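Overview (structure and organization)
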Amino acid sequence: MNLIHGGDVYSVQKEQGKVPLDFSANINPLGMPPGAIKAVLDSLEECVHYPDPLCRALRDAVSAYEGVSAEQVVCGNGAADLIFRIAAAAKPRTALLPAPTFAEYEQALLTAGCNCRFYPLEETNDFAFTEDFLRELTPEIDILFLCNPNNPTGRTIEQDLLLQIAERCKNLSIRLVVDECFNDFLNEPEKHTMKPHLNRYPNMLLLKAFTKIYAMPGLRCGYALCSDPHFIDVLYAVGQPWSVSVPAQRAGIAALTDEAYLRETRQCIREERTWLARHLEQLGAKVYPTEANYILFRMENAESIRKRLANKGVLVRGCGNYRGLNDHYLRIAVRGRKENEQLIAALKNSLEG
């Protein structure tokens, strides 16, 4: 089976007998918040019961954190679960996706029998969205997925343009899905979210997850925000009834109260992203502008470098299976200084070898 994502530490662990240094998955380098870890441990005795299928306490916590009504929150088994639910609930015939972007959108849409069209983001423009994108929004498009900041490029869409996109989608009855899973890593996340416009655009869904920002990929917990009560009902109908485990719900509730953790995260990412980009450029890489907790860069023989790093127990994300990219591109997560120094040293060694 071919895996389309990073974070496959298990294959390397099986082959090499050790846990690799993983830069292929964009996880918060601070690790899970201490309060979330404690909440998981404290919840274990509750696992003799089914989890709350409506995630009522978690939805209340998300409501307070996001400043939206709890009725506008749908929780799921990570953002990926909700992406597949949205595709199943919307039953779109034709979708528009930028390229490159997160591969899960296309995969979910194909399972729903949807035809996907692609809008190429230009390398010459550092993969930024421009107003030309508005012309791609035509009446035959049923659904649009946008990742903001985009994965793997790390670029945000200018807010004025994003509002124009939302308005055009509303006028053309296009369901707009804005994936904000990396929003909390941004220096000023409130300037990039579409959350204040949720009630204005009932055709819009916002995706968030605890996976990346709270370093909980193994717990699987995410949520969608939507102001359309009918579509929310359909999202529940197409999902499994107990999609979010008791430990995941408890961890999510605890994590949302830790504001100091988020401040420390943003400071770490801001400093280490700059440090990594500078050292990558010193090694001859073409580094693309990024605002997120990962960096896309281009190097000659990138795929052979990726393999050499993997043999040394260091995982980076090869981008050959992203539409719009090829084997010359790599993506790395921004981690702590000690790990970043290990990566740069291993990369330098691979180039010299």
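These notes cover the structure that comes with them. Predicted, not measured: the structure shown is a model, and the values here were computed from it.

1. So, the sheet that holds strand β7 (residues 204-209)
What the seven strands build is an open sheet, ordered β2-β8-β7-β6-β5-β3-β4; its pairing is mixed. Of all the strands in the sheet, just β2 (73-76) and β4 (115-120) have a single pairing partner and so form its edges. Strand-to-strand twist across the sheet, computed as the mean angle between neighbouring axes with direction ignored, equals 20°. Across five bridges, the pairing between strand β5 (residues 143-147) and strand β6 (residues 175-179) is parallel. Residue pairing for β6: Ile143 is matched across the bridge by Arg175. Strands in contact with helix α5 (residues 103-111) are β3 (94-99), β4, β5 and β6; relative to β5, the strand with the most contacts, it is inclined by about 160°.

2. Side note on the environment of Met194
The residue Met194 is located in the loop between β6 and β7 in this model. Along the sequence, Met194 and Ala166 sit 28 residues apart, while their C-alpha atoms lie 9.3 Å from each other. What Met194 contacts, discounting residues up to four positions off in sequence, is Gln159, Leu162, Leu163, Ala166, Glu180, Met204 and Leu206.

3. As for empty space enclosed by the protein
The final tally for this structure, using the stated rule, is one cavity of 30 Å³ or more. For the largest cavity, the calculated volume is near 50 Å³. Surrounding the largest cavity, Tyr65, Cys181, Asp184, Lys208, Ala209, Phe210, Ile213, Tyr214, Tyr223 and Leu256 form its lining. The residue inventory of the lining of the largest cavity, partitioned by class, reads eight nonpolar, no polar and two charged.

4. As for the side chain of Glu66
With respect to the element layout, Glu66 can be found in helix α3 (residues 56-66). For Glu66, a relative accessible area of 7% gives the class buried. At 2.8 Å, the side chain of Glu66 forms a polar contact with the side chain of Lys195.

5. Structural notes on the environment of Leu347
Structurally, the position occupied by Leu347 is in helix α11 (residues 337-352). The class of Leu347 is buried, set by a relative accessible area of 2%. As for Leu347 and Ile305, which are separated by 42 residues in sequence, their C-alpha atoms are 7.6 Å apart. If we skip the residues at most four places from it in the chain, Leu347 touches Leu280, Leu283, Met299, Ile305 and Leu309.

6. A look at the pattern of salt bridges
In total, this model carries 17 salt bridges according to the counting rule given. Close ionic contact of Glu106 with Arg323 constitutes a salt bridge, the shortest N to O distance being 2.9 Å. With Glu106 in helix α5 and Arg323 in the loop between β12 (317-318) and β13 (329-333), this residue pair connects regions lying 217 residues apart in the sequence. Taken together, the shared-partner salt bridges connect Glu66, Asp184, Lys195, Lys208 and Arg266 into one network.

7. Here we look at the packing of aromatic side chains
Tallied over the full model, the rule gives 13 aromatic pairs. Among the aromatic side chains, those forming a connected cluster through ring pairs are Phe210, Tyr214, Tyr223 and Tyr261. Arg175 extends its terminal NZ or CZ atom over the ring of Phe231, reaching a point 3.7 Å from the ring centre. Cation over ring: Arg331 sits above Tyr294, and NZ or CZ is 5.9 Å from the ring centre.

Cut-off values and rules
- Residues numbered from 1 in each chain as written.
- Predicted model: local features only at pLDDT ≥ 70, side-chain atom pairs only at ≥ 80, totals over all residues.
- Heavy atoms only, no water.
- Pairing = 2+ DSSP bridges.
- Helix = DSSP H or I, 4+ residues; strand = E, 2+ residues; numbered from the N terminus.
- Axes fitted to C-alpha atoms, helices over the stretch in contact; angles between N-to-C directions.
- Contact = heavy atoms within 4.5 Å.
- 1 Å grid on protein atoms, 1.4 Å probe; cavity = no way out; pocket = protein on both sides within 12 Å on 5 of 7 lines; lining within 4 Å.
- Points joined across faces, edges and corners; volume = space filled by probe spheres on them.
- Nonpolar A, V, L, I, M, F, W, Y, C, P; charged D, E, K, R; others polar.
- Buried < 20%, exposed > 50% of the residue type's maximum accessible area, 1.4 Å probe, protein only.
- Polar contact = N/O pair within 3.5 Å; in protein donor to acceptor, adjacent residues only side chain to side chain.
- Salt bridge = Lys/Arg side-chain N within 4 Å of Asp/Glu carboxyl O.
- Phe/Tyr/Trp six-rings, centres within 6.5 Å; stacked < 30°, edge-to-face > 60°.
- Lys NZ or Arg CZ within 6 Å of the ring centre and 35° of its normal.

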